[in-house]
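# Structural overview for review
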Amino acid sequence: MLKQSLKRSWLPALVATVFVTVGTGCGDECVDRYDCRDKGTAPQGQQWTCNADNKCELQNISVEPGPDAGTDAGTDAGTDAGITDGGSTAQIAAFIAAPAGALATPQPVSGAFVTFIKPEVAGSSSTEASGFFLQAEANGPAMFVRGSASTTAVAVGDLVTLNVTEKEIISGLNVAKTVTDLTVVSKNNDVSGLKADISGVSSFEDAGTTSAYESRLVTVSGKLEAGISSGASFTAFPLITTGEPSPSPLRLRLPTTLSTSLDLVLGCDVAVPTGVVWRFNAQPQVSVFAPEQLTITNCPAPSAVSATASSSTEVRMSFDRTIAPASITDAATQFTFDNGLQAQSATVNGKDVLVTTSEQAAGTQYTVQVSGVTDTLGKAIVTPNSTQFQGFSLLAIHGGRVVLNGTGFTGATAVTIGGVAQTFTVDSDTQITVTNVPDTTPVGASQPVQVTTPAGAVSAGALPVAHLVINELDADTPTTDVLEFVEISTGVPNLSVSGLSLVMFNGSNDQSYLALDISGKADANGLLVVGNPGVTPTPVVTFPNETLQNGADAVGIYQAPASAFPNGTAPTSTNLIDAIVYDTADADDVGLLDALLGSGPERVQIDETGTTGGSAANSIQRCGGPARRDGRVFNRVAAPTPGAPNVCS
């Protein structure tokens with residue numbers, strides 16, 4: 001987080017007093033002041049406005065004697081837009097300058113406009129209160145009022161008066177915590193004239209302009225950089241503008257659910273017609289809360305991220321953009337495979353496309369080429385665009401489930417794998433689901449399966465059994481984090497793995513921030529590396545540099561597709577195979593520990609810092625045994641060894 005001293009520079013303000021005269025007409029005449037144009041030109045010193053009874057009325061503007069206050073320099077921009085100061089500019093500035101706490105003398109705001117409503121956001125912290133913003137003229141300043149400060153309801157365009165009796169400062173933001181005498185003087189005023197275009201503003205921190213734009217009504221356009229978590233339930237995208245090139249200190253901040261639904265990603269061009277600057281210390285953050293408050297003009301073309309065989313006749317393809325269902329018109333020509341595999345149909349589910357195929361050969365490596373697919377903005381995938389996957393292999397995993405196919409299963413009384421009894425359900429005469437493979441089941445590339453039926457014990461073939469655990473993790477690497485990785489041990493050399501996902505959880509809100517499908521072949525040591533592209537050996541599954549957070553955070557292996565864990569998903573033990581909760585000299589994260597590791601002695605969080613070298617020089621390594629979901633087994637912190645067995649004493 002950037003931290004620099006702020007300086008205040010308020011422009012002198014035009015001071016005026018607003019008086020409301022007797023309304024004219026009867027019945028509903030107007031919704032906003034523009035409906036009053038048939039009343040003709042208002043007399044000098046007056047303007048038409050739409051009052052609370054939806055009637056057109058004249059509003060007197062009486063300017064008090066005083067200095068010029070820089071009117072010639074443009075501070076009357078609000079008046080030119082049909083908006084008058086009402087004496088509040090200096091009063092808002094006085095509120096901002098006041099100390100936090102109960103005010104000895106209530107601070108009046110004698111006539112400012114409600115410019116923006118900040119709604120309640122589900123899951124946000126107590127500091128993310130709902131409320132509204134007040135501003136009196138185009139050049140600011142502006143202020144934020146908690147929604148709980150008063151019981152009087154307000155709307156954008158209301159001209160209000162109030163007295164602030166208590167103030168708080170939250171992360172540098174000046175907040176009216178309690179107000180009295182909140183009165184709506186008039187409604188439906190057009191506040192568009194108060195907006196400031198900040199697209200060309202530069203050096204927000206360096207020039208101290210964060211404070212100048214605090215709580216201001218703004219418009220801005222630019223290109224998004226990679227999004228990051230910005231408090232519970234929010235995502236912030238650094239915003240490249242004409243005034244702030246990359247890396248930009250200016251951010252577009254919005255609820256994570258909204259950024260996900262709008263499919264915002266690195267490289268999207270966006271415009272905010274009307275937003276507000278929410279401040280976090282020296283960090284300026286333009287905030288929006290609804291789809292209509294943001295225009296997406298362009299985003300990168302969709303690309304295939306991964307493909308995973310979810311059964312012997314189905315491949316789940318994941319893309320980095322939400323796919324338009326209507327763009328898939330001929331699966332057989334839009335999804336083409338090598339090695340004789342054929343696409344038969346395709347179904348879109350957000351960023352995933354489920355492709356039904358002819359029968360796959362178990363363990364065979366396939367390449368799939370994609371063409372003619374578009375995202376929901378109509379952007380077509382760049383061709384050629386391909387990805388690889390392993391043909392579906394039936395696999396039993398300790399702590400997981402496995403589906404057995406055959407005949408005559410009705411009335412089955414026992415199932416063994418490698419001679420070890422299994423818990424199971426009979427789904428049909430041709431299918432049995434083993435619900436939780438015990439860790440005592442022998443590991444190996446081919447373990448015999450036997451089913452006891454009313455006709456006697458019959459062989460159901462053989463299948464590989466794996467003990468899948470996190471073996472090593474490196475979140476903090478030297479300089480920029482371009483060598484992050486998670487190493488998974490399967491316990492079986494050269495084993496093909498599919499149908500699993502690696503999910504990363506953010507300790508700041510205890511929610512997921514990335515999920516990856518695990519599909520590939522383990523090496524001769526039974527190890528499979530997931531990491532940055534620059535890691536050696538080349539990871540089977542990659543994720544972008546500077547993704548794996550330093551902690552307190554967590555990583556889990558699930559027997560479920562990555563699509564089951566959209567960003568913002570809470571950690572769960574359902575379908576969880578193994579997990580680690582870790583940090584770099586941070587306090588324990590109770591929420592992650594409780595959800596992933598339980599309440600026993602295995603509930604241990606691991607510090608990557610170690611005793612020598614610091615976290616950037618070390619990785620966290622499993623050396624304490626094969627136990628799953630047990631923090632105690634990660635008892636070695638030493639130099640990273642991706643793709644190689646850990647050197648345990």
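Up top is the structure these notes are about.
My aim in this report is to walk through the structure given alongside it, one point at a time. (Residues numbered from 1 in each chain as written. Predicted model: local features only at pLDDT ≥ 70, side-chain atom pairs only at ≥ 80, totals over all residues. Heavy atoms only, no water.)

### With respect to the layout of surface pockets
What counts is decided by this rule: Two kinds of site are reported from a 1 Å grid over the protein atoms alone, namely cavities, where a 1.4 Å probe fits but cannot get out, and pockets, open sets with protein on both sides within 12 Å along at least five of seven lines, and residues are called lining when an atom falls within 4 Å of a point. Grid points are joined across faces, edges and corners, and a volume is the space filled by probe spheres set on the points. The secondary structure listing takes helices from DSSP runs of H or I that are at least 4 residues long and strands from runs of E that are at least 2 residues long, numbered from the N terminus. Put simply, Ala, Val, Leu, Ile, Met, Phe, Trp, Tyr, Cys and Pro go in the nonpolar bin, Asp, Glu, Lys and Arg in the charged bin, and everything else, Gly too, in the polar bin.
In this structure, the second largest pocket spans a volume of roughly 550 Å³. Around the second largest pocket sit 23 residues that line it, and Ser-310, Phe-392, Leu-394, Arg-401 and Val-403 are the ones nearest its centre. Among the secondary structure elements, those contributing two or more residues to the lining of the second largest pocket are strand S17 (304–311), strand S25 (402–405), strand S31 (456–466) and strand S34 (496–506). In terms of residues, the lining of the second largest pocket owes the most to one element, S25, which gives four residues. Counted by class, the lining of the second largest pocket contains 14 nonpolar, seven polar and two charged residues.

### Some words on the side chain of Asn-385
Applied cut-off: Throughout this description, buried means an accessible area under 20% of the type-specific maximum (1.4 Å probe, protein chains only), exposed means over 50%, and partly exposed covers the range between. Think of a polar contact as two N or O atoms within 3.5 Å of one another; within protein, one of them needs to be a possible hydrogen donor and the other a possible acceptor, and neighboring residues in sequence only count if both atoms come from side chains. Note on definitions: a residue-residue contact is assigned when non-hydrogen atoms from the two residues lie within 4.5 Å.
Its location among the elements puts Asn-385 in strand S23 (residues 385–390). You can call Asn-385 buried: its relative accessible area is 9%. For Asn-385, the side chain forms a polar contact with the main-chain nitrogen of Ala-304, separated by 3.1 Å. Here the side chain of Asn-385 touches Val-382 through a polar contact of 3.4 Å, landing on its backbone oxygen. Residues within four places of Asn-385 in sequence aside, it is in contact with Pro-302, Ser-303, Ala-304, Val-368, Gln-369 and Val-370.

### Details of the environment of Ala-236
Examined against the element boundaries, Ala-236 turns out to sit in strand S12 (residues 234–240). A residue is classified by how much of its surface remains accessible, and Ala-236, at 0% relative accessible area, is buried. Separated by 10 residues in sequence, Ala-236 and Ala-226 place their C-alpha atoms 8.6 Å apart.

### Digging into the packing of aromatic side chains
Definition in use: Here a Phe, Tyr or Trp ring, Trp counted by its six-membered ring, pairs with any other such ring whose centre lies within 6.5 Å, and the pair is stacked when the planes are under 30 degrees apart, edge-to-face when over 60, and tilted otherwise. A ring has a charge above it when a Lys NZ or an Arg CZ is no more than 6 Å from the ring centre and no more than 35 degrees off the ring normal.
In total, this model carries 11 aromatic pairs according to the counting rule given. A ring pair is formed by Phe-116 and Phe-133, whose centres lie 6.2 Å apart and whose planes are at 75°; its orientation type is edge-to-face. Taken together, the residues Phe-116 in strand S4 (residues 101–118) and Phe-133 in strand S5 (residues 131–135) connect sequence positions 17 residues apart. Residue Phe-116 shares its accessibility class with Phe-133, and that shared class is buried. Centroid distance Phe-144 to Trp-278: 5.2 Å. Interplanar angle 85°. Geometry classified as edge-to-face. Here the residue Phe-144 occupies a position in strand S6 (residues 142–146), and Trp-278 occupies one in strand S14 (residues 269–280), the gap between them amounting to 134 residues. The buried category is assigned to Phe-144, whose relative accessible area is 2%. The rings of Phe-116, Phe-133, Phe-144, Phe-234, Trp-278 and Phe-289 are connected pair by pair, giving a single aromatic cluster. For Lys-118, the ring lying beneath its charged end belongs to Trp-278, and the centroid distance is 4.8 Å. The ring of Phe-234 has Arg-253 lying over it, and the distance from NZ or CZ to the ring centre is 3.9 Å.

### Let's talk about unusual backbone geometry
Geometrically, the link from Thr-383 to Pro-384 is a cis peptide bond, its omega value of 0° lying close to zero. With respect to the secondary-structure elements, Pro-384 resides in the loop between strand S22 (365–370) and S23. Omega for the bond connecting Gly-551 with Ala-552 falls within 30 degrees of zero, at 0°, which places this linkage in the cis form. You can see Ala-552 is positioned in the loop between strand S37 (541–542) and strand S38 (553–558). One non-glycine residue with positive phi stands out, namely Thr-479, at about 50°. Mapped onto the elements, Thr-479 comes out in the loop between strand S32 (469–474) and strand S33 (485–489). Judged by relative accessible area, Thr-479 falls into the exposed class, the value being 77%.

### Structural notes on the side chain of Arg-279
By the element assignment, Arg-279 lies in strand S14. Of the residues examined, Arg-279 reaches a relative accessible area of 5% and is grouped as buried. In this structure the side chain of Arg-279 is engaged in a polar contact, spanning 2.4 Å, whose partner is the side chain of Glu-214.

### Some points on the state of the cysteines
Our working rule: To count as a disulfide, a pair of cysteine sulfur atoms needs to be within 2.5 Å.
Taken as a whole and judged by the stated rule, the model has two disulfides. Across a sulfur-sulfur distance of 1.8 Å, Cys-623 and Cys-648 are joined as a disulfide pair. Disulfide Cys-623-Cys-648: the torsion about the S-S bond is -80°, which places it as left-handed. With Cys-623 in the loop between strand S41 (619–621) and strand S42 (636–638) and Cys-648 in the segment after S42, this pair connects stretches of sequence that are 25 residues apart.

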